[in-house]
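Summary of the model geometry
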Amino acid sequence: MNTMDIFTRILLPATWDTLYMSVISTIIAFIFGLIPAILLILSDKNGLRPNKTLYSILDIVVNILRSFPFIILIIILFPFTKLIVGTSIGTTAAIVPLAIGTAPFVARLIESALKEVDTGIIEAAKSFGASDWQIIFKVMFVEAIPSIINALTLTLIVVIGFSAMAGTVGGGGLGDIAIRYGYQRFRPDIMAYTVVILIIMVQIFQIIGNLLYKMTKK
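Let me begin by describing the structure that accompanies this report.

Further remarks concern the environment of Leu58. By the secondary structure assignment, Leu58 is in helix H2 (residues 52–66). With relative accessibility at 15%, the residue Leu58 sits in the buried group. Distance from Leu58 to Leu39, taken between C-alpha atoms, is 8.1 Å for residues 19 residues apart in sequence. Beyond its immediate chain neighbours, meaning those up to four positions away, Leu58 contacts Pro36, Leu39 and Leu40.

Below, the structure written as structure tokens:
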């Protein structure tokens, strides 16, 4: 198999699989991470509705889930993944543990982004009679858009790394190619190609993220 065949028949489809897993997982993780992030912001001691008990519980849960080893999480979630998508292997199946494993990470990033909003702006919104939800979605989120873009960029890059790890246990994508063709078939050239593609992918997303950040920061 020549170099062109390797790219067209093996690496290109695997690259699309990695992109598919990473982007969809990041979107789902953002949606599910948004809920605990908002609850953490509301219940924080300096939040709109301080609640020490709720904040402590959420804080512990998010920290535990965030620190859970991803490779173990994939294996533990095999039955749940099969229940959701009908199979525990493949690119679509890999989205389930990727999204679940990343959601706590996203929750922390969004929480940090929202905490950066100037308290003076929040107090001004309160003085105009804005509700808690209006303050969160129409004031804090609007002000925190640049930071949230940075958070999503970082999340997507982390998920790309996780997707490569998922490939080692049947998740597909570039990680799967690196193991099956590069390692098991003693093809260091294919292993090198997968690494280069992943690096390029990360760089492209970082550049896009930086551009969006600068556009929204103005």
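This part takes up the nonpolar core. The biggest cluster of nonpolar side chains holds 23 residues, and the ones touching the most others in it are Ile110, Leu114, Ile136, Met140 and Phe141. At the level of secondary structure, the elements contributing two or more residues to this core comprise helix H1 (3–43), helix H5 (91–115), helix H6 (119–127) and helix H7 (132–143). Contact partners of Ile136, with chain neighbours within four places excluded, come to Ile38, Leu42, Leu48 and Phe141. If you look at the next biggest cluster of nonpolar residues, it comprises 14 residues, including Ile10, Leu156, Ile177 and Ile197.

Another aspect to go through is the environment of Glu111. Topologically, Glu111 is positioned in helix H5. Here the alpha-carbon distance between Glu111 and Glu143, two residues 32 residues apart in the chain, equals 13 Å. Ignoring any residue separated from it by four or fewer positions in sequence, one finds Glu111 in contact with Ala37, Leu40, Ile41 and Tyr55.

About the criteria used
Residues numbered from 1 in each chain as written. Predicted model: local features only at pLDDT ≥ 70, side-chain atom pairs only at ≥ 80, totals over all residues. Heavy atoms only, no water. Helix = DSSP H or I, 4+ residues; strand = E, 2+ residues; numbered from the N terminus. Buried < 20%, exposed > 50% of the residue type's maximum accessible area, 1.4 Å probe, protein only. Contact = heavy atoms within 4.5 Å. Core = buried A, V, L, I, M, F, W, Y, C linked by side-chain atoms within 4.5 Å.

As far as function goes, none of this settles anything; it's purely spatial.
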